[in-house]
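# Structural overview for review
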Amino acid sequence: MKYLFLIFLMNLLHQYAGKSLRRDGSSLKSFEDIKNEIAGYTNIAKAIIDLAVHGKAQNRSYERLAVFTDTIGPRLSGSKNLEAAIKYMFSALQEDRLENVHLEPVKVPHWERGEEFAVMLEPRNHSIAILGLGNSIATPPEGITAEVIVVASFDELHKRAQEAKGKIVVYNEPFINYGETVQYRLQGAVEAAKVGAVASLIRSIASFSIHSPHTGEQSYQPDVPQIPTACISVEDAEMMSRMSLRGTKIVVHLRMGAKTYPDSLSFNTVAEIVGSKYPEQVVLVSGHLDSWDVGQGAMDDGGGAFISWEALSLIKDLGLRPKRTLRLVLWTGEEQGGVGAKQYYQLHKENISNFDIVMESDEGTFKPSGLGFAGSAEARDIVREIMTLLQPINVTAVYNTADGTDIAFWMRDGVPGASLQDDINKYFWFHHSQGDTMTVQDPNQMNLCAAVWAVVSYVIADMEDMLPR
Ligand SMILES: [Zn+2]
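Residues numbered from 1 in each chain as written. Predicted model: local features only at pLDDT ≥ 70, side-chain atom pairs only at ≥ 80, totals over all residues.

As annotated in an unreviewed UniProt entry, the chain carries the name Carboxypeptidase Q and is attributed to Cyanistes caeruleus. In UniProt, the chain has this text filed under Subunit (unreviewed entry): "Homodimer. The monomeric form is inactive while the homodimer is active." Looking at the chain in UniProt, the text filed under Function (unreviewed entry) is "Carboxypeptidase that may play an important role in the hydrolysis of circulating peptides. Catalyzes the hydrolysis of dipeptides with unsubstituted terminals into amino acids. May play a role in the liberation of thyroxine hormone from its thyroglobulin (Tg) precursor." (UniProt positions renumbered as here; feature names shortened; annotations may be inferred.)

See below:
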C-alpha cells in the first residue's frame, strides 16, 4: 500500500515536473514542456509531408480540383453552378469517408450580370472590355451614352466635381495594393453618383493585365442614387487617361443587363474527423466554395477549399485521429462579403470557447512560405514552434496577421486565427477575372500547401491543451 502510494506520488511529481499549478489546480506547462510535446510530432509531420508531397497523395488536391472546376465551372452566389458545386462536394466528402458530412443552410444574394458591353464612340470606335461589378444595377435597355471624365483618385474627382455631372466617371487609379486600391471598386459608383455622374467605369484592381477586366463586389449607399458600374482593363483605363490629358473628348456607350433577384438558399458544406478525447473542441480548416462568375474560380478559392479538404484526407489516410475535432468548412457567399461565414458565426458563436483555432486559405495556393497568425504572444510562440515541424519543406515563417473574410468574426472575438501565406506575386494577375482557371494552379505547390495545412491543423488539434487566448 505504501509502495503504491509512492508510485502514485512519483507519477504525480513526474507529471508536474517543470510545471506550475494554476489557481484552479490545472497544470500550466512551461514552454520547455510545450516544445518537447511539439517535438514529439516530428515523425507524424514527416509522414504527412511524405504522403502529400512524395507519396500516393501527391497531386491529389490538384487533380480533385481540376475535375471539380472543369465539371462545375464558376460558382457565383445564387447560381445553379454553386448549387451543383455544393451537391458535388457533399457527395465527394462522403465518398472520402469523412465524418458528419452535412450542409448548413444560408441565404445568399442572387445577382446576375446579364448581357453587357461598352463601346467607345469618340474619338474613335473601340470595343471596351468590361465586367459589371457585383450588385450593380442595369443601364436602361437602350444603354447610356455619355462623355467621359477620367480621374486618378477620389481627391481628383472631388476637385473636379463640377465637371462630372451627367458624365461617365472613369477611374484610372494606380494599383498600390489590394486593400488600398480596392476602395475604388467598392465605393467608386457611390462617389461618382454623389457628384452627379451617370455611370462609373473602374480600372480593374490588378497588378498586371493582358487587357482583362476583373470583377468584384461593390455596394451602394441608401441616400445616394444608384448608377451602373463596371470594371475595365488597365489598358483601356490608361488609354482614356492619356486621351483626356491631351484634351481629347471621349464618348462611351455602356449597356448592362444586370439583375438582382431575391436572396436564394445556399449552404456551408461541413465535414469532420471527430476528436478522440475532446470531440466538442474544434480546429476549423476552411476555404470558400463560391467564386465570381468568370473563369473557373480555381485560384479564388478552389485551391484554398481543396487543400483544406486535402488536409483532412491526409490525416485520415494516415489513420490519425486527433484529440480535438478537425472541422472542414467550405464557405458559401464569401464574395458577397462573407455571407455564409457570418451566418455560421451567428449559429455557432455560443460555442466560441471550444474553438481552438480558425484557419482559412483564401490568398492563393502558390508556393507557401509560412503561416499568418493572429493571437496572443503565448499562442504565437507555440505556433512558431509547430512551424519548425515543416523544416523538411522549408515553410517555417510565422507572419504578424491572419487574413480571411470568413474567419474574421472569430478572430475579432479573440479566437486564434491562421491563414496560409504563399507567393502572391501573381495572385492579382488572375483574381476575379476570366484568367482564374486551373492553368494558374500548380500541383507541386498545392502539395506543399496541403502539407502545411495538414501538419498545422493536426498538431494543434492533437496537443493536450488548446492554444492560449
Ligand atoms: Zn476568395
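### Section: the nonpolar core
Ranked by internal contacts, the top residues of the largest apolar core, which has 130 residues, are Ala454 and Val455. With 14 residues, helix 15 (residues 443-462) is the largest single contributor of residues to this core. Among the domains, domain 1 (35-111 + 262-462) and domain 2 (115-257) are the pair contributing at least three residues each to this core. Contact partners of Ala454, with chain neighbours within four places excluded, come to Ile48, Ala52, Ala311, Leu314 and Ile315. (Core = buried A, V, L, I, M, F, W, Y, C linked by C-beta atoms within 7 Å. Buried ≥ 20, exposed ≤ 12 C-beta atoms within 10 Å, placed from the backbone. Helix = DSSP H or I, 4+ residues; strand = E, 2+ residues; numbered from the N terminus. Domains from an automatic or database assignment. Contact = placed C-beta atoms within 7 Å.)

### Description of the UniProt feature "domain: Peptidase M28" (unreviewed entry) in the chain
Using the residue numbers shown here, the UniProt feature "domain: Peptidase M28" (unreviewed entry) corresponds to residues 268-455. For the annotated span residues 268-455, helix accounts for 34% and strand for 25% of the residues, and the straight-line distance between the end C-alpha atoms is 24 Å.

### Points about the sheet that holds strand 14 (residues 324-331)
Each strand in a sheet pairs with another by means of backbone hydrogen bonds, the pair being arranged parallel or else antiparallel. Pairing within the open sheet is mixed, and its 8 strands lie in the order 3-12-14-13-15-18-16-17. Strands with a single pairing partner mark the edges of an open sheet, and in this sheet they are strand 3 (99-112) and strand 17 (397-399). Direction aside, neighbouring strands of the sheet carry axes that sit 25° apart on average. Most of the contacts of helix 10 (residues 298-317) go to strand 13 (residues 278-288), to which it runs at about 145°, and overall it touches strand 12 (259-273), strand 13, strand 14 and strand 15 (355-360). (Pairing = 2+ DSSP bridges. Axes fitted to C-alpha atoms, helices over the stretch in contact; angles between N-to-C directions.)

### Some thoughts on the pairing of strand 10 (residues 229-232)
Where burial is concerned, the two faces of strand 10 agree: the one with Thr229 and Cys231 and the one with Ala230 and Ile232 are both buried. Pairing analysis gives 3 bridges linking strand 6 (residues 130-132) to strand 10, with the strands arranged antiparallel. Bridge pairing in strand 10 links Gly132 to Ala230. Bridge count between strand 9 (residues 199-203) and strand 10: 4 bridges; the pairing is parallel. Within strand 10, the residue paired with Arg203 across the bridge is Ile232.

### Describing unusual backbone geometry
Between Glu122 and the following residue, Pro123, the backbone shows a cis peptide bond with an omega angle of 5°. Relative to the assigned elements, Pro123 resides in the loop between strand 4 (116-122) and strand 5 (126-128). A cis amide bond links Asp300 to the next residue, Asp301, at an omega of 0°. For Asp301, the position within the fold is in helix 10.

### Looking at the sheet that holds strand 10
Judged by pairing direction, the sheet is mixed, and its 8 strands sit side by side in the order 5-4-11-7-8-9-10-6 without closing on themselves. Two strands lie at the open edges of the sheet, namely strand 5 and strand 6, each paired on one side alone. Strand after strand, the sheet turns through a mean of 30° between neighbouring axes, direction not considered. Both strand 7 (residues 144-151) and strand 11 (residues 251-256) contribute to a ladder of 4 bridges, which runs antiparallel. In the strand pairing of strand 11, Ala146 is matched with Val252. With respect to the sheet, helix 8 (residues 178-194) is in contact with strand 8 (168-171), strand 9 and strand 10, its orientation differing from that of strand 9 by roughly 155°. Packed on one face of the sheet, helix 9 (residues 234-245) meets strand 5, strand 7, strand 8, strand 9 and strand 10 and runs near 80° to strand 7.

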